[in-house]
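Structural description and commentary
Take a look at the letters that make up each chain.
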Amino acid sequence: MRRLWVLCLTLVLTVSSLTGCGASSAQTAETSEESGSLQIVTTIFPVYDWAREILAGSDNVTLIFLADDGVDMHSFQPTVGDILNISTCDLFIYVGGESDQWVGDALQGAVNEEMQVINLMDVLGEDVQEEERVEGMEGEDDDGEEAEYDEHIWLSLRNAETLSGVIAETLAEIDPEHAELYTENAAAYTEELSALDSSYQEVVGTSAQNTLLFGDRFPFRYLVDDYGLSYYAAFAGCSSETEASFETIVFLAEKVDELGLGSILTIENSDQTIATAIQQNTQDKNQQILTMHSMQSVTLEEAEAGTTYLSLAEENLEVLREALK
């Protein structure tokens, strides 16, 4: 596999040298020497948006968002063009979990020997949580499964503060001319994140209910840990399963009745089949089906139209407010 990556990269570099700057993609980077600008490559939307906030006002940066078509992180496969962008960039920022196993091979062929790399899960260190299987979750009794770390670190506003701060510090190191700008932007962004964190605390603290129930995958482990919430779900956050057993549906429906929940939650792009099945197996059969956004499927077009990490976190707060009634 590593040999294939290197061969692909060599081919792209050869073609580039023959064709010059004829690439049609707006997200295809040149080397820093060719473009005269800093090249930053990010993998998923939250990371892209943190960097975008910190870089605001800088006129010498090309910021690239690899998963720009909204593909789920767990399904993302880099193209040869993506590998080239990584190879020639000044800073590469990625999550660092199981879904990013391809990164090691991509970095083997790096052309820019001075490239800085930020593995966000490494930054968090001991604060990274193992993915857990709670009672009633599909596959909870599977034997022989190795523990996986939960990759969805960005769904904690407190993690976002820490990680965006590290991004700002690294940018200041590699671009000292704009260090003051990055520091100021990061400080302002931290204030916004902290204010929203306080709003989450207030909503949770004033709600009678403290349990969420997802008829879906559950990527919000870091969020519920931040605010002391409990949860039930059909699948773990990184599960590839899409069909829940009758036993799982019945268990979750009974939990809805037992806890008096008025809402069943899903994540974006769900067809709500499982949530609906849970609803129809409850006593009242009238629960709302609400959607919280895991921020994994945002496209570049949506980002350019105004979708931000903060706007999605604010939308999630309103859903949380309703779900905890």
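Our structure is the block above this text.
Residues numbered from 1 in each chain as written. Predicted model: local features only at pLDDT ≥ 70, side-chain atom pairs only at ≥ 80, totals over all residues. Heavy atoms only, no water.

In this model, helix 13 (residues 309-323) (15 residues) spans 21 Å end to end at C-alpha, consistent with the 21 Å of a helix rising 1.5 Å per residue. Residues Tyr309, Leu310, Leu312, Ala313, Asn316, Leu317, Val319, Leu320 and Ala323 constitute the buried set of helix 13. Here the buried face of helix 13 lies against helix 3 (45-55), helix 7 (157-174), helix 8 (179-205), strand 5 (211-218), strand 7 (263-267) and strand 8 (288-292). (Helix = DSSP H or I, 4+ residues; strand = E, 2+ residues; numbered from the N terminus. Expected span 1.5 Å × (residues − 1). Buried < 20%, exposed > 50% of the residue type's maximum accessible area, 1.4 Å probe, protein only. Contact = heavy atoms within 4.5 Å.)

Now for the pairing of strand 1 (residues 38-42). Counting buried positions along strand 1 gives five out of five residues, so the element sits mostly inside the fold. Side chains Leu38, Ile40 and Thr42 of strand 1 all project onto a buried face; the interleaved residues Gln39 and Val41 project onto the opposite face, where all are buried too. Regarding the hand of the β-α-β motif, the stretch spanning strand 1, helix 3 and strand 2 (residues 61-65) is right-handed. Strand direction decides the pairing type here: strand 1 and strand 3 (residues 91-94), joined by three bridges, are parallel. When the sheet's bridge partners are listed, Val41 is paired in strand 3 with Phe92. (Right-handed = clockwise from strand over helix to strand, strands pointing away. Pairing = 2+ DSSP bridges.)

Once that is clear, we can look at the packing of aromatic side chains. Counted according to the given criterion, the structure contains twelve aromatic pairs. Summarising the aromatic geometry, the rings of Tyr200 and Tyr227 are spaced 5.4 Å apart at their centres and angled 15° between planes, so their arrangement reads as stacked. Within this pair, whereas Tyr200 is found in helix 8, its partner Tyr227 is found in helix 9 (residues 221-227), the two being separated by 27 residues in sequence. Its relative accessible area of 10% is what places Tyr227 among the buried residues. Between the aromatic rings of Phe214 and Phe220, the centroid separation amounts to 5.5 Å while the plane-to-plane angle is 35°, which identifies the pairing as tilted. An identical accessibility class is assigned to Phe214 and Phe220; each is buried. (Phe/Tyr/Trp six-rings, centres within 6.5 Å; stacked < 30°, edge-to-face > 60°.)

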